[in-house]
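As a plain string of letters, each chain reads:
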Amino acid sequence: MADIWQDAMDHAVAIARRAGDVVREALLDDRMVMTKTSSVDLVTQTDQKVEKLIMQSVKDKFPTHRLIGEESVAAGEACDLSDAPTWIIDPIDGTTNFVHAFPFVAVSIGFSVNKQIEFGVVYSCLEDKMFTARRGKGAFCNGNVLQVSDQEDIRQSIIATEFGSSREPEAVNNIFSSLRSILCIPVHGVRTAGSAAINMCLVASGCVEAYYEIGIHVWDVAAASLIVSEAGGVLMDVDGGSVDLMSRRIVAANSRAIAERITEEIRSFSPPRDDAPPQH
Ligand SMILES: O=P([O-])([O-])O[C@@H]1[C@@H](O)[C@H](O)[C@@H](O)[C@H](O)[C@@H]1O
Ligand SMILES: [Mg+2]
Ligand SMILES: [Mg+2]
């Protein structure tokens, strides 16, 4: 039977590639930086331009579909995930990397129907790596099948995480407390790529055993969550329950054993949900 979302997925891959061209060109000139929620939460005109490009192309081709985009939400749009077909877009995941030309910068496009991700596309545009997954049909990088690592001993593992975009002492203490506990299990190493989506693609590729973060948004992880699960990995909440893509908390790992071991060490907290009503 024909796949009813194949056309949409082909479009996502094509538009992610076009978006990647814009990002690579902009790297040569446009790096005017603005800030959002804090002095280290960065945005550029390229984030906004790429989001408009992707959104307009989806509206033209799939006029009934809904859209959630990082920069539209920053501009005041609602972040409601309904059962309707919905494109969940992070035009540049790794804006800080983009600003510094640190080479992990991704365009992330997830597509959800009935609140279930049907396909995910993460284009790591400076590495020219196109990560894709279709629900039930596996995960790929540039057409090659992805498989998570088979390492089940966290002491033989590399764990990825990020420091987030708050420099408030309490937030930083929480992050370092978790990081210290995990590092001292001990693990082979801890890495931060600077892009949630790329960290998760590294899990899917078997290069790191797990990634965790509190403070991410649905657009950071929607596409890559399917890439991880289709590569044989697991997703979990930081308290060990089921993952909720709106909760801003995630553990993505190669195995349940390593995901659970990480949740034992994390000092968890709950940032305001992506679908929380706006504060007045
Ligand atoms: O803002 P942006 O570059 O799209 O996305 C960023 C992530 O990918 C980064 O890894 C994470 O630590 C930040 O919380 C933020 O979500
Ligand atoms: Mg992002
Ligand atoms: Mg972004």
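Residues numbered from 1 in each chain as written. Chains lettered and ligands numbered in written order. Predicted model: local features only at pLDDT ≥ 70, side-chain atom pairs only at ≥ 80, totals over all residues. Heavy atoms only, no water.

**Some thoughts on the site of ligand 1**
- Around ligand 1, the surrounding shell consists of Glu70, Asp90, Ile92, Asp93, Gly94, Thr95, Glu162, Gly194, Ser195, Ala196, Glu213 and Asp220.
- Contact between ligand 1 and Glu70: an oxygen atom at 3.1 Å from a side-chain N or O atom of the residue.
- Here Glu213 contributes a side-chain N or O atom positioned 2.6 Å from an oxygen atom of ligand 1.
- Expressed as a share of its isolated accessible area of 380 Å², the protein-covered part of ligand 1 is 88%.
- Ranked by residue count, the leading element in the shell around ligand 1 is strand β4 (residues 86-93), at three residues. (Near = heavy atom within 4 Å. Polar contact = N/O pair within 3.5 Å; in protein donor to acceptor, adjacent residues only side chain to side chain. Areas by Shrake-Rupley, 256 points an atom, 1.4 Å probe, with all protein chains shown as cover. Helix = DSSP H or I, 4+ residues; strand = E, 2+ residues; numbered from the N terminus.)

**Things to note about the coordination of the magnesium ion (ligand 2)**
- The magnesium ion (ligand 2) binds to the protein through Asp90 (OD), Asp93 (OD) and Asp220 (OD); the donor distances cover 1.9 to 2.0 Å.
- In the primary structure, the donors to the magnesium ion (ligand 2) are separated according to the pattern D-x2-D-x126-D.
- Metal-to-metal, the separation of the magnesium ion (ligand 2) and the magnesium ion (ligand 3) is 3.5 Å; Asp90 coordinates the two. On the criterion of sequence distance, the pair formed by Asp93 in strand β4 and Asp220 in helix α7 (residues 218-230) is long-range, its members being 127 residues apart.
- Of the residues examined, Asp93 reaches a relative accessible area of 5% and is grouped as buried. (Donors = N, O, S within 2.8 Å, 3.2 Å for Na, K, Ca; no water. Buried < 20%, exposed > 50% of the residue type's maximum accessible area, 1.4 Å probe, protein only.)

**Brief notes about the coordination of the magnesium ion (ligand 3)**
- Bound to the magnesium ion (ligand 3) on the protein side are Glu70 (OE), Asp90 (OD) and Ile92 (O), at distances that span 2.0 to 2.2 Å.
- For the magnesium ion (ligand 3), all donor residues lie on one chain, and their spacing in sequence is E-x19-D-x1-I.
- Relative accessible area serves as the criterion here: at 13%, Glu70 is assigned to the buried category.
- Asp90 gets classed as buried once you look at its relative accessible area, which sits at 0%.

**Some details on the UniProt feature "binding site: Mg(2+) 2" (unreviewed entry) in the protein chain**
- Under the feature "binding site: Mg(2+) 2" (unreviewed entry), the UniProt entry names Asp90, Asp93 and Asp220. In summary, the annotated positions, though distributed over 131 residues, converge in three dimensions, the widest C-alpha pair being only 6.6 Å.
- Among all residues touching Asp93, those that are not within four sequence positions of it are Phe104, Val105, Ala106, Ser195, Ala196, Ala197, Ile198 and Asp220.
- Within the local environment of Asp93, its side chain forms a polar contact with the side chain of Ser195, the two groups lying 2.7 Å apart.
- Apart from residues lying up to four places away in sequence, Asp220 is in contact with Asp90, Asp93, Ser108, Ala196 and Ala197. (UniProt positions renumbered as here; feature names shortened; annotations may be inferred. Contact = heavy atoms within 4.5 Å.)

**Section: the environment of Arg24**
- Note that Arg24 resides in helix α1 (residues 6-28).
- The spacing of Arg24 and Cys125 is 101 residues in sequence and 7.2 Å in space, taken between C-alpha atoms.
- Apart from the residues lying within four places of it in its own chain, the contact partners of Arg24 are Tyr123, Cys125 and Leu126.
- At 2.6 Å, the side chain of Arg24 and the side chain of Asp21 are in polar contact.

**A closer look at the environment of Ser247**
- Mapped onto the fold, Ser247 is located in the loop between β13 (234-236) and β14 (249-253).
- Excluding anything up to four places from it in sequence, Ser247 contacts Asp237, Pro271 and Arg273.

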